[in-house]
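Structural overview for review
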Amino acid sequence: MPRWTRTATLAGLILAGVSVLDPLGSTRPPLSPPKPTSSPTAPREYTLLFLGDIMLSRGVGAKIKSESDWAYPFHEIASTLRTADLVYANLECPISDQGRDLHHLYSFRADPRAMAGLKEASVRVVSQANNHTYDWGPAALLDSLERLRAAGIRVTGAGQNDLEAHFPTIVDLDGVRLAFLAYVDVPPPEATAGVERPGVAWLEPARVLADIRFARPLADVLVVCPHWGVEYAPKPTREQVKLAHAMIDAGADLVVGSHPHVPEPLEAYHGRWIAYSLGNFVFDQHNSATHRGLMLKVTARARHVTAATLVPIAINRSLQATLAPPEPPKPARRVLAAQKIRATRAK
Ligand SMILES: [Zn+2]
């Protein structure tokens, strides 16, 4: 009997208007999920919510300050997030008042008081493996890690040294062990942690696969979070797809990506799930395509992921994350055809 059961809620994905299955558009047939089994003694189902990129500096920081409300970006969605057993996010900045601006093209550092926003959003695990946590150098990164720890928020993908950055972050959820690994392959490479140097875990495939094999026996559910891909691209590259598949083959249950600032497809692969990019969750970019993102909602029972669905979100004009209004229904083809005929006749 397979260790993993999968009951993909494909209907939910289709309703969400999200492309599923093969991100490169090949013609592999869709997976047919097995029927769910239920027993009166089954362990309780739990819900994990994965959020996209959260950046609390620059325009977002200015908005927070002008409102004098450090949790401001999250008020509209906090009650939804509170329904999950665990919320994860990619935190795309250090939260610190330490360090020195390294003057990257964009340099982010959030005011320590912005931690209140992550608490309001019920965030319990963040990845600091991204291309902005080192914008103010090692002092700000270390301070950020310490402040997150003090706030009760677990960090993955960064640490005081290479060992800590690569070590799985394990969270006990009522006896279920969830393990998180996170990586980045977006410059600057000097942000990479060393034997005695704080930094991030670099997305080096052989090392990642070795980490996954190490973490597998320590975890009931193993999540790998790569910060990767091409900004504003609607789908992943062939190399990303290959690496995501290798991560699953090595033992990951979920791959949850970030960085492109726009959503990319969700793929079912061998009964596991790959979300290539969830897009932004709280960010202040001008391009309107970056104002819509996704949450990945995963339900699981003990070691078994039972469903993965995408929940669309939108960033409003006040830079707050909100549940996205449903897409307007598309007119039926027949109506369109009738309109065309009328337009032709009117000429
Ligand atoms: Zn990024």
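Treat the numbers as computed from the prediction; the structure is a model and nothing was measured. (Residues numbered from 1 in each chain as written. Predicted model: local features only at pLDDT ≥ 70, side-chain atom pairs only at ≥ 80, totals over all residues.)

Moving on, we get to helix α5 (residues 137-150). Given a rise of 1.5 Å per residue, 14 residues ought to cover 20 Å, and the 20 Å separating the end C-alpha atoms of α5 matches this to within 8%. Along α5, the residues classified as buried are Ala 140, Leu 141, Ser 144, Leu 145 and Leu 148. Down the axis, α5 shows its buried residues gathered within 140 degrees of arc, on one side only. Seen from the buried face of α5, the exposed residues on the opposite side, beyond 90 degrees, are Arg 149 and Ala 150. Contacts made by the buried residues of α5 are with β3 (123-127), β4 (154-156) and β5 (158-159). Gly 152 occupies a position one or two residues after α5 and carries a positive phi of about 80 degrees. (Helix = DSSP H or I, 4+ residues; strand = E, 2+ residues; numbered from the N terminus. Expected span 1.5 Å × (residues − 1). Buried ≥ 20, exposed ≤ 12 C-beta atoms within 10 Å, placed from the backbone. Arc of directions from axis to C-beta. Contact = placed C-beta atoms within 7 Å.)

A word on the confidence of the model for the protein chain. In the predicted model, the protein chain carries a mean pLDDT of 87, and 82% of its residues have values of at least 70. Throughout residues 1-35 the model reports pLDDT below 50, and contacts reaching past four residues in sequence, or to other chains, amount to 53 contacts. pLDDT under 50 marks residues 343-347. Its contacts with residues more than four places away, or in other chains, come to 0 contacts. (pLDDT = per-residue confidence, 0-100.)

Here we take up the sheet that holds strand β7 (residues 176-184). The strands making up a sheet are joined through hydrogen bonds of the backbone, oriented either antiparallel or parallel. Spatially, β6-β7-β9-β10-β12-β11 is the arrangement adopted by the 6 strands of the open sheet, whose pairing is mixed. Pairing within the sheet leaves two strands with one partner each, and these edge strands are β6 (169-173) and β11 (266-269). The average angle at which neighbouring strand axes cross in this sheet is 20 degrees, direction not considered. Where β11 meets strand β12 (residues 272-275), 4 bridges bridge the pair, whose relative direction is antiparallel. Its bridge partner lying in β12, Leu 266 is registered against Ala 275. Across the sheet, helix α7 (residues 205-215) is in contact with β7 and β9 (221-227); its angle to β7 comes to roughly 170 degrees. (Pairing = 2+ DSSP bridges. Axes fitted to C-alpha atoms, helices over the stretch in contact; angles between N-to-C directions.)

This part takes up the nonpolar core. Counting residues in hydrophobic clusters, the biggest one holds 94 residues, and the most contacted among them are Phe 50, Leu 51, Val 223, Val 282 and Leu 296. For Leu 296, the residues in contact, after removing those within four places along its chain, are Phe 50, Val 256, Ala 275, Leu 278, Ala 308 and Leu 310. (Core = buried A, V, L, I, M, F, W, Y, C linked by C-beta atoms within 7 Å.)

Turning our eyes to something else, we now look at the environment of Leu 142. As for its placement among the helices and strands, Leu 142 is situated in helix α5. C-alpha of Leu 142 to C-alpha of Pro 94: the two residues are 48 residues apart in sequence and 8.7 Å apart in space. In this structure, Leu 142 is in contact with Gln 160 and Pro 198, ignoring residues within four places of it in sequence.

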